[in-house]
Every structure is written in structure tokens, then in C-alpha cells.
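Fold and geometry: a report
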Amino acid sequence: MSEPRDYTIAAVDRALRVLEALASHPRQGVTELATRLGLTKTIVFRLLSTLEARGFVVRDGDKAVYSLGYRIGVLGEQAGAQNTLMTAARPVMERLRDDTTENINLILRDGHQSLVLATLAGHHAMRIFANPGRYGPLHAGGGSMLLLAFAPEDVREAVLAEPLERFTSNTATDPDDLRARLDMIRADGFHIAINDLDDGAFSIAAPIRSASGDVIASLSVAGAMARYDETRRRRYLALIEDAAAEISGKLGLTSAT
């Protein structure tokens, strides 16, 4: 039998060890960290310099000691929020998938991109769904475009100022046209995308809101256009809006406790 492959990256592993050491013992200097971790002072200094530049560690200049930086707190808050969202959304997504037999997607906005947090495949042989962890555009797709519509104005305008990739003949690539579509999405409170990201696919999305009312995610039902008609459009829209509202309500209760 062949030996299992080692895919670890030494530099990444060392950087994580530095962060773990600072989490256990804040305000350490280069020499102390090098001794604790069994690394050379040169390597530790370079790791700390890189982590400091990214905000993961902060240095007390007077004493040349290091502690965890603000980026660690940001990641912790994001991880906690995503775990809370997933806990609230999972049973609702499963019920929605069974009610529609289509693919269900939970999507976040990460900067100027969309991020698939979770997806459930539908019951059909031909499936159209994104893999969790996949990044995508904000200017195409049901859930993604909804998130762009409800993003802060500076984010919307920044995305509109970037080159808008065309994925199909229905993709909105003209900034003025896209701006008008985003205004309509905000007015409607939902978004139905037809053939704009993938040919032959539809997506119906509704917003998930935090306890403060901010749109923090989108929930969508997606499938093949061969199964799309007016009856399903009305039914799926009602189901997705109810499901998104239910998840939002759970998040409100979580925040209140």
C-alpha cells in the first residue's frame, strides 16, 4: 500500500502555530516565541511580520512583543454568525427542498463576490447547484443579484464600476441597466433570475435579515427551465419568501436571547 500523501504547507502550519501560541500566551517577543515553538528567530520574525501586515497580530512597539490582532476577532465573529445562520437555516432548507424538489442555496456576500454557504441538491436526475465554498459574481444569479441589490450603495457602485462578465445572453452587463434592475429588486423584495448565469436555469431568491433588519444572506430555489412555468413560479416564490422569513425570525430570536 502506498504511503498517505502529506498536503500540508509548512509555512502555513508554522503561521498557525504562532497564532495558537499567542492565543495561549499573549505579549510574546520573537525570542520567546522561537523558543516555545522550536523555530529560528528569523523564521518567527518573518511570520510575525506577515501576520502583522494582514492584521492577524499586533505589536507593542515599545516592548517589541506581539498579541493577536483585530482580524482574528473579525473571523471569529463571522464564523459565529455563519454557524448561527446555518443552525437556523438547515431544517428550513431541507423542508423547502422536499416541498419544491429543486435545489436550495444559501448565499452570502463576501466583498464584491457571492459565496455559497450551503446547498441542498434537488430530487431530479438533472441537477443544477453550486458547491459550498464557491465564489461567484454578484451581478448574475438569483441569490447573488439580490445580495447586490441590498448591499450598501458604495458596494453596489463599486461592483457596477468593475468589468461585468457576460455568462449568457441574458446577463446584465450594462451598468445603467443593472442599476435599474437592482432598484426593482429592492422594491419587489425578491428576485427571479432566468438564464442569466447558466443557460437553461432559473433561480428565485428572497432575503434573510438579521434582527436589525439588514440583509445578511439570500435563500434561493433553483432548477432547470424545463420545469419552470407560471404555476411553479407563484408557488416557489411564496415558499421561498415564507422560508426566508422563518429563518430571519429565528435569527431575531437568537439575537434577543
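Residues numbered from 1 in each chain as written. Predicted model: local features only at pLDDT ≥ 70, side-chain atom pairs only at ≥ 80, totals over all residues. Heavy atoms only, no water.

Brief notes about the packing of helix α6 (residues 153-161) against helix α7 (residues 175-188)
Across the interface, α6 lies against α7 with an axial gap of 10 Å and an inter-helix angle of 150°. Taken as axis vectors, α6 and α7 run roughly antiparallel relative to one another. When the axes of α6 and α7 are compared, the crossing they make is right-handed. Taken together, the residues of α7 that come into contact with α6 (itself represented by Arg156, Glu157 and Leu160) are Pro175, Leu178, Arg179, Leu182 and Arg186. (Axes fitted to C-alpha atoms, helices over the stretch in contact; angles between N-to-C directions. Helix = DSSP H or I, 4+ residues; strand = E, 2+ residues; numbered from the N terminus. Parallel < 35°, antiparallel > 145°, perpendicular 65-115°, else oblique. Left-handed = near helix turned anticlockwise from the far one by under 90°. Contact = heavy atoms within 4.5 Å.)

Digging into the pattern of salt bridges
All told, the structure shown has 13 salt bridges when counted by the stated rule. The shortest N-O distance in the salt bridge between Glu102 and Arg227 comes to 2.7 Å. Within this pair, whereas Glu102 is found in the loop between α4 (70-100) and β3 (103-110), its partner Arg227 is found in the loop between β8 (215-224) and α8 (230-256), the two being separated by 125 residues in sequence. Just as Glu102 is buried, Arg227 falls in that class too. Ionic pairing is found between Asp229 and Arg232, a salt bridge with its closest N-O pair at 3.0 Å. In this structure, a network of salt bridges that share partners links the residues Glu157, Asp176 and Arg179. (Salt bridge = Lys/Arg side-chain N within 4 Å of Asp/Glu carboxyl O. Buried < 20%, exposed > 50% of the residue type's maximum accessible area, 1.4 Å probe, protein only.)

What to know about the environment of Leu178
Positionally, Leu178 belongs in helix α7. Taking relative accessible area as the criterion, Leu178 reaches 0% and is therefore assigned buried. For the pair Leu178 and His139, spaced 39 residues apart in the sequence, the C-alpha separation amounts to 7.6 Å. For Leu178, the residues in contact, after removing those within four places along its chain, are His139, Met145, Leu148, Leu160, Leu164 and Ala172.

What to know about helix α1 (residues 10-24)
Compared with the 21 Å implied by 1.5 Å per residue over 15 residues, the 21 Å span of α1 between its first and last C-alpha is a close match. Buried within α1 we find Ala15, Val18, Leu19, Ala21 and Leu22. End-on view of α1: buried residues confined to an arc of 160°, all on one side of the axis. In α1, the exposed positions angled more than 90 degrees off the buried face are occupied by Glu20 and Ser24. (Expected span 1.5 Å × (residues − 1). Arc of directions from axis to C-beta.)

With respect to the pairing of strand β1 (residues 57-60)
Across four bridges, the pairing between β1 and strand β2 (residues 65-68) is antiparallel. Looking at the pairing, Asp60 lines up with Val65 of β2. The hairpin turn running from β1 into β2, its antiparallel successor, is four residues long, and Ala64 in that turn takes a positive phi close to 55°. (Pairing = 2+ DSSP bridges.)

Examining unusual backbone geometry
Unusually for a residue other than glycine, Thr101 sits at a positive phi of about 65°. For Thr101, the position within the fold is in the loop between α4 and β3. Its identity is not glycine, yet Asn195 carries a phi of approximately 55°, on the positive side. Looking at the element boundaries, Asn195 is found in the loop between β6 (191-194) and β7 (201-209).

As for the sheet that holds β7
Note: strands within a sheet are paired through backbone hydrogen bonds, in either parallel or antiparallel orientation. What the six strands build is an open sheet, ordered β5-β4-β3-β8-β7-β6; its pairing is antiparallel. The open sheet has two edge strands, β5 (135-136) and β6, and neither has a second partner. Examined bridge by bridge, strand β4 (residues 113-120) and β5 share two bridges and lie antiparallel to one another. Residue pairing in the sheet places Ser114 in a bridge with Gly136 of β5. Of the strands in this sheet, β3, β4, β6, β7 and β8 touch helix α5 (residues 142-149), which is tilted by about 155° from β8.

Brief notes about the packing of helix α2 (residues 30-37) against helix α3 (residues 41-53)
Closest axis-to-axis distance for the α2/α3 pair is 9 Å, and the angle between their directions is 115°. Here α2 lies roughly perpendicular to α3, going by the angle between them. For the element pair α2 and α3, the recorded crossing hand is right-handed. Across the interface between the two elements, Val30, Thr31, Leu33 and Ala34 of α2 pack against Lys41, Val44, Phe45 and Leu48 of α3. Class assignment of the residues belonging to the contact of α2 with α3 gives a composition of six nonpolar, one polar and one charged. (Nonpolar A, V, L, I, M, F, W, Y, C, P; charged D, E, K, R; others polar.)

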